Amino acid sequence: MVKIHKRSKNLFGLKIPKKKRRRRKNNYRNLFFSMLGFFVFIFLGGLGVNYVSKSSSSEVKISGIEDNAIKEEDLKNAVNDISKFSYSLLGKEIKIDNFLLSEQKKIEMIMKKFPQIENIELKKDSSKNELILNVKQKEPAFIWCKDKCSLMGGDGSYIKDYQDEEKYNSLPRINDESFVNSDDFRKKILGFVSDIQKPLSEIPNFEKPVYSAHGEKVSVKGQLPCNFIFGFGESDDPMDWQLEKMKIAKKDYFNELEKIDYIDFRDTNTVTICKIEGNCSSIK
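What you see is a predicted model; the values in this text were computed from it and never measured. (Residues numbered from 1 in each chain as written. Predicted model: local features only at pLDDT ≥ 70, side-chain atom pairs only at ≥ 80, totals over all residues. Heavy atoms only, no water.)

What follows is about helix H5 (residues 239-253). Spanning 15 residues, H5 covers 20 Å between terminal C-alpha atoms, matching the ideal 21 Å at 1.5 Å per step. For H5, every residue scored as buried is listed here: Met239, Gln242, Leu243, Lys245, Met246, Ala249 and Tyr253. Looking straight down H5, one finds its buried side chains confined to an arc of 155°; they lie on one side. For H5, the exposed residues set more than 90 degrees away from the buried face come down to Lys247 and Lys251. On its buried face, H5 sits against helix H4 (183-201), strand E14 (227-231), strand E15 (260-264), strand E16 (271-275) and strand E17 (280-283). (Helix = DSSP H or I, 4+ residues; strand = E, 2+ residues; numbered from the N terminus. Expected span 1.5 Å × (residues − 1). Buried < 20%, exposed > 50% of the residue type's maximum accessible area, 1.4 Å probe, protein only. Arc of directions from axis to C-beta. Contact = heavy atoms within 4.5 Å.)

What follows is the structure, given as structure tokens:
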């Protein structure tokens, strides 16, 4: 009689196949934990996104803007574009500080976009989650008129359109009557006007001068009909010798400017004085 042991793996020299264990319960359990882990990840990710979004989206506060020379909303948008990285995650817009740029570089980029600004102080108040900009605007130095009038800084930068504000009507007004339309031309004219302003301020009735800029000359008129004409040539600084000639003419002619049509200082050797009745004379 052949004895068959229960634990024998062979029957008559043949292997008995193992009975497969049922793992249905284990499969359900793995699936359950996988789904649970996925939802936990989504939940924690959502919390993280919300936290990062709140902690990084500092509110921008601006002070120092006057006369609507700069739109506050435009400045805020520029600050956010420059100082923040922005991307979308899980349907949420995320903004984080642009750590690749120094604070000084951010300020330089903002000022490049807004030439009306002279200086910016950039501070961050972490306790209130605020980004604070203290803005110092450029003071208008000239009124430049061509098609329309604009307030300009001393460096020739545009500040804003001039709307006949009383606080600015004493500034030198420059009427651009040239066919030249370039920043270099405008800066040269402004430079000449700056040179002329001080000696003109010492002459009665020239408190509110009006300049006319042409291609090769600059004329200026005060409250009287008389025009002063100065040359505007190729030299970077042609005003010195013309101002010297103005000092020479001042002694004998500036007390009767109401009778003079114009005084021309452009000639290197003489000064031409033409009176309103038409007769002209020259002095050396």
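With that settled, the discussion passes to the side chain of serine 212. Note that serine 212 resides in strand E12 (residues 210-213). Overall, the relative accessible area of 13% leaves serine 212 in the buried class. Sequence-distant contacts of serine 212, that is, excluding residues within four places in its chain, are made with Asn175, Glu177, Lys217, Val218 and Ser219.

Moving on to unusual backbone geometry. Phi angles above zero are rare outside glycine, and aspartate 147 is one such case at about 70°. Relative to the elements of secondary structure, aspartate 147 occurs in the loop between strand E8 (142-146) and strand E9 (148-152). The backbone phi angle of asparagine 205 is positive, close to 70°, even though this residue is not glycine. Tracing the backbone through its elements, the reader meets asparagine 205 in the loop between H4 and E12. On the basis of relative accessible area, asparagine 205 is assigned to the partly exposed category, the value being 32%.

Read across the open sheet, the three strands follow the order E3-E7-E6; overall the sheet is mixed. The open sheet is flanked by strand E3 (59-63) and strand E6 (117-125), the only strands paired with a single partner. Averaged over all pairs of adjacent strands, the angle between their axes in this sheet comes to 20°, without regard to strand direction. Here E6 runs beside strand E7 (residues 130-137); their pairing, made up of eight bridges, is antiparallel. Considered in E7, the bridge of asparagine 119 is made with lysine 136. The sheet contacts of helix H3 (residues 103-113) involve E6 and E7, and relative to E6 the element is tilted by about 135°. (Pairing = 2+ DSSP bridges. Axes fitted to C-alpha atoms, helices over the stretch in contact; angles between N-to-C directions.)

Here E12 pairs with strand E13 (residues 217-221) via four bridges, running antiparallel. Following the sheet pairing, serine 212 is matched in E13 by serine 219. Sheet topology places E13 next to E14; five bridges connect them, and they run antiparallel. Counted as the bridge partner of lysine 221 is asparagine 227 from E14. Counting the residues that bridge the hairpin from E13 to E14 gives five residues.

Next up on the list: the environment of phenylalanine 192. Mapped onto the secondary structure, phenylalanine 192 falls in helix H4. For the pair phenylalanine 192 and phenylalanine 230, spaced 38 residues apart in sequence, the C-alpha to C-alpha distance is 9.3 Å.

All right, on to the side chain of serine 150 then. With respect to the helices and strands, serine 150 occurs in strand E9. Its relative accessible area of 8% is what places serine 150 among the buried residues. Beyond its immediate stretch of four places on either side in the chain, serine 150 contacts Phe142, Ile143, Trp144, Tyr158, Lys160, Asp161 and Tyr162.

Once that is clear, we can look at the sheet that holds strand E11 (residues 173-176). Read from one edge of the open sheet, 10 strands run E10-E9-E8-E11-E12-E13-E14-E15-E16-E17, paired in mixed fashion. Each edge of the open sheet carries a strand with a single partner, namely strand E10 (158-161) and E17. Adjacent strand axes in the sheet meet at a mean angle of 25° when their direction is disregarded. The sheet contact formed by E14 and E15 spans three bridges and is parallel.

The quantities given are spatial measurements derived from coordinates; they are silent on function.
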